[in-house]
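# Report on the structure
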Amino acid sequence: MLTTLQTAYSDTRAADLAWALGREPLPALAVLDLDLAGARLQLRLLGASHQVLLEENQGTCSETVACIPGSSTPLPLGVSERLGEWKYDFAARVETLSAGSFAERAQELLALVTDHPHGLAGTFPGSPHAFTALLAQRTEDQVRWRTWHAYPQEGQLVVTRTQVGVRMPVAAL
């Protein structure tokens, strides 16, 4: 699903993004509710990037990657944590592209997410290549999502990957 977000483009630099786990739902400009084999997932586009809310029998998970006023947690390259019965893994990277490559990559990503039944993308006014996009999937014991945050004025694309899965018990020796 593709939407034009009715807001000013507020997170204007990749370096302004922060990461948070466990935040309450923030006001969203666009939402996609999914049921992935018993896992309820809500993909949320914020004026300042994204939030994903996961609810399943094992518990809940809330991930926010956005410009968060007062946040002291910058976007990490990787995080691995236990959340109750789950193992949470997050990874992020920043790609810097030439203007031509950036426009091409933006079009490819928007087409991929727009045509996917578990995808949500929003473009910001001012540039067709300023967007945030999310894509989710479910495997046997994991829920996964990828996100892309585009900063055309810098030629930067922030890419994140998250997987939340059932933690395997340690076998007794």
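Residues numbered from 1 in each chain as written. Predicted model: local features only at pLDDT ≥ 70, side-chain atom pairs only at ≥ 80, totals over all residues. Heavy atoms only, no water.

## Looking at the pattern of salt bridges
Applied cut-off: For this document, the term salt bridge refers to a Lys or Arg side-chain nitrogen within 4 Å of an Asp or Glu carboxyl oxygen. Buried residues are those whose accessible area, probed at 1.4 Å on protein chains only, stays under 20% of the maximum for their type, while exposed residues exceed 50% and partly exposed ones sit between those limits.
Across all of its chains, the model carries 5 salt bridges by this definition. A salt bridge links lysine 87 to aspartate 89; its shortest N-O distance comes to 2.9 Å. Glutamate 95 is the partner of arginine 93 in a salt bridge, and the nearest nitrogen-oxygen pair spans 2.6 Å. Taking relative accessible area as the criterion, arginine 93 reaches 37% and is therefore assigned partly exposed. The class of glutamate 95 is buried, set by a relative accessible area of 16%.

## Quick word on the sheet that holds strand 7 (residues 78-83)
The cut-off we apply is this: We call two strands paired when DSSP finds no fewer than two bridges between them. Strands here mean DSSP runs of E at least two residues long; helices mean DSSP runs of H or I at least four residues long; both are numbered from the N terminus. Lines fitted to C-alpha atoms define the axes, with helix axes restricted to the stretch in contact, and inter-axis angles between N-to-C directions lie between 0 and 180 degrees. Throughout, a residue-residue contact means that at least one pair of heavy atoms, one from each residue, lies within 4.5 Å.
An order of 1-9-10-11-12-8-7 is seen for the 7 strands of this open sheet, with the pairing classed as mixed. Because the sheet does not close on itself, it has two edges, and the strands there are strand 1 (2-4) and strand 7. Pairwise comparison of adjacent strand axes, ignoring direction, gives a mean angle of 15° for this sheet. The sheet strands contacting helix 1 (residues 99-114) are strand 1, strand 8 (86-96), strand 9 (119-123), strand 10 (131-138), strand 11 (142-151) and strand 12 (156-166), and the helix crosses strand 10 at an angle near 45°.

## A few points about the layout of surface pockets
The condition that has to hold: In this analysis, the protein atoms alone were mapped onto a 1 Å grid. Cavities are point sets where a 1.4 Å probe fits without being able to get out; pockets are open sets with protein on both sides within 12 Å along at least five of seven lines; lining residues have an atom within 4 Å of a point. Grid points are joined across faces, edges and corners, and a volume is the space filled by probe spheres set on the points. Note on residue classes: Ala, Val, Leu, Ile, Met, Phe, Trp, Tyr, Cys and Pro are nonpolar, Asp, Glu, Lys and Arg are charged, and everything else, Gly too, is polar.
Estimated volume of the largest pocket: approximately 230 Å³. Taken together, 13 residues line the largest pocket, and the ones lying closest to its centre are Arg144, Trp145, Arg146, Arg161 and Thr162. Residues that form the lining of the largest pocket fall into these classes: 5 nonpolar, 4 polar and 4 charged.

## Re the nonpolar core
Using the following cut-off: Residue types Ala, Val, Leu, Ile, Met, Phe, Trp, Tyr and Cys, when buried and joined through side-chain atoms within 4.5 Å, form a set referred to as a nonpolar core.
Counting 31 residues, the largest nonpolar core has Leu41, Leu43, Leu54 and Trp145 as the members making the most contacts within it. If you list the elements that add at least two residues to this core, you get strand 3 (30-36), strand 4 (39-46), strand 5 (49-56), strand 6 (59-66), strand 8, strand 10, strand 11 and strand 12. Counting 13 residues, the second-largest nonpolar core is a separate cluster that includes Ala106, Leu110, Ala121 and Trp148.

## A word on the pairing of strand 6
With 6 of 8 residues buried, strand 6 lies mostly within the body of the structure. As defined by bridge partners, strand 2 (residues 18-21) adjoins strand 6 across 4 bridges and the pair is classed as antiparallel. Pairing of leucine 21 across the sheet is with glutamate 63, part of strand 6. Strand direction decides the pairing type here: strand 5 and strand 6, joined by 8 bridges, are antiparallel. Bridge assignment links histidine 50 to a residue of strand 6, and that residue is valine 65. Where strand 5 hands over to strand 6, the hairpin turn is made up of 2 residues, counted between the paired strands.

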